[in-house]
Amino acid sequence: MTILKTPAPIPRPPSERPASTLTKEQQAMEDAVIAHFADPDYKLPDIEEKDASLMDIEKLWLSRECVQRYLRAVKWSQQSAITRLEGTLKWRREFGFYEQMTNEYIEPEAETGKNVIFGYDVERRPTMYLHPSRQNTETNPKQIQHVIWSMERTFDLMGPGVEKLVLLIDFADRAKQPSFSTSRTVLSHLQTHYPERLGKALILNVPFVVNMALKAIMPFVDPVTRDKIRFNPSAVKDQLFTPNQITKTWGGDIEFPYDHELYWKSLNDMCEARQKAKMEKWKELGGTVGLSEWDIQGVDVCMEEKTEEEAEESKVLEKAENGATAPVPGVVAQA
């Protein structure tokens with residue numbers, strides 16, 4: 001058993017970028033949506049003129065993969081994707097992403113560790129644990145903001161090629177049931193503004209009352225999302241996680257006692273470092289709409305240490321980029 005109290009480092013990505021699987025028609029649609037938002041004269045509709053231009057953080061958010069997620073969600077309807085993206089851009093402003101939802105504002109909701117980000121599944125997707133029994137506030141809008149804020153932090157901790165997160169929800173210890181209105185609001189936000197962001201939702205220890213509530217809300221859940229929900233799984237035996245990336249409650253080897261002061265500082269330091277590095281990388285790559293998350297999320301901050309082989313390959317690539325010649329590992333030079 002291993003005792004940990006801080007988020008895990010980000011797993012390293014495959015050495016090669018996956019090839020595109022888009023058809024010519026899909027690629028043309030994606031390019032058209034990106035061009036729409038990249039227009040220097042673009043303004044968000046129904047917004048006061050002085051505030052209608054996109055901020056840098058919004059342009060970074062409008063990555064190539066983000067556009068693809070929205071296009072897939074609307075079954076490759078170009079105008080529908082544009083409309084939905086604009087809706088999310090406006091919602092993010094109204095919801096308080098850029099001014100209200102600071103770490104200090106959210107912290108009172110986080111003090112008991114009801115949402116904890118730790119570990120990655122076998123597909124390198126970050127994991128968010130939800131502990132309803134640790135609920136420390138009465139029903140209020142900030143509870144919803146806390147869930148959304150926590151999800152956004154999992155995105156900060158995603159490596160290249162990762163677009164989805166895993167939710168682990170444990171209703172043990174006489175968990176306090178979230179209100180139906182809160183659950184519906186969170187679900188609505190997730191389905192509207194986070195298309196194709198959920199990898200799996202695993203649920204343990206569902207009491208009778210909560211089970212009835214889940215049955216009531218399931219008709220409002222998109223069929224694709226519903227297929228990702230699993231009750232009382234064996235996360236390690238089912239090969240969804242390795243033991244060193246999931247807590248003991250879920251069949252792993254990790255004990256994760258919640259130490260708010262230590263965890264909170266570590267999480268925010270990691271996320272802020274990633275945010276800064278990704279913004280710098282985005283600007284280095286041109287600072288425009290439609291850049292790839294593979295490149296932006298590939299910044300070497302808060303990632304696992306490289307193996308000796310990976311470190312050697314990086315040296316070879318660096319020398320090649322600088323115009324120097326170097327032997328390629330595993331290749332014997334010929335006279």
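Residues numbered from 1 in each chain as written. Predicted model: local features only at pLDDT ≥ 70, side-chain atom pairs only at ≥ 80, totals over all residues. Heavy atoms only, no water.

Let's talk about the packing of aromatic side chains
Enumeration over the complete set of coordinates arrives at twelve aromatic pairs. For the pair Phe256 and Tyr263, a centre-to-centre distance of 6.1 Å together with 85 degrees between the ring planes defines the contact as edge-to-face. On the accessibility criterion, Phe256 (12% relative accessible area) is buried. Among the aromatic residues, ring-to-ring pairing joins Trp91, Phe95, Phe97, Tyr98, Phe155 and Tyr194 into one connected group. The positively charged end of Arg92 is found above the aromatic ring belonging to Phe97, 4.1 Å away from the centroid. Above the ring of Tyr105, the side-chain terminus of Lys142 is found at 4.3 Å from the ring centroid. (Phe/Tyr/Trp six-rings, centres within 6.5 Å; stacked < 30°, edge-to-face > 60°. Buried < 20%, exposed > 50% of the residue type's maximum accessible area, 1.4 Å probe, protein only. Lys NZ or Arg CZ within 6 Å of the ring centre and 35° of its normal.)

Here we look at the confidence of the model for the protein
On average, residues of the protein score 90 in pLDDT, and 90% of them are at 70 or above. For the stretch residues 325-335, pLDDT sits under 50, and the model shows four contacts to residues farther than four places along the chain or on other chains. (pLDDT = per-residue confidence, 0-100. Contact = heavy atoms within 4.5 Å.)

Section: the side chain of His189
Looking at the secondary structure, you find His189 in helix H7 (residues 180-193). For His189, a relative accessible area of 13% gives the class buried. Leaving out residues up to four positions away in the same chain, His189 has contacts with Trp91, Phe95, Ile144, Ile148 and Tyr194. (Helix = DSSP H or I, 4+ residues; strand = E, 2+ residues; numbered from the N terminus.)

Looking at the pattern of salt bridges
A full pass over the atoms with the stated rule returns 21 salt bridges. Between Asp121 and Arg125 there is a salt bridge, with the nearest N and O atoms lying 2.8 Å from each other. There is no split in this pair, since Asp121 and Arg125 are both buried. Where salt bridges share partners, they join Arg69, Arg72, Glu163, Glu196 and Glu293 into one cluster. (Salt bridge = Lys/Arg side-chain N within 4 Å of Asp/Glu carboxyl O.)

Some details on the sheet that holds strand E6 (residues 229-231)
The sheet built from five strands is open, its strands ordered E2-E3-E4-E5-E6 with mixed pairing. Each end of this open sheet is capped by a strand with a single partner; those strands are strand E2 (115-120) and E6. Mean inter-strand twist for the sheet, computed between neighbouring axes without regard to direction, equals 20 degrees. Taken together, the four bridges between E2 and strand E3 (residues 126-130) define a ladder with antiparallel strand orientation. Its bridge partner lying in E3, Tyr120 is registered against Pro126. (Pairing = 2+ DSSP bridges. Axes fitted to C-alpha atoms, helices over the stretch in contact; angles between N-to-C directions.)

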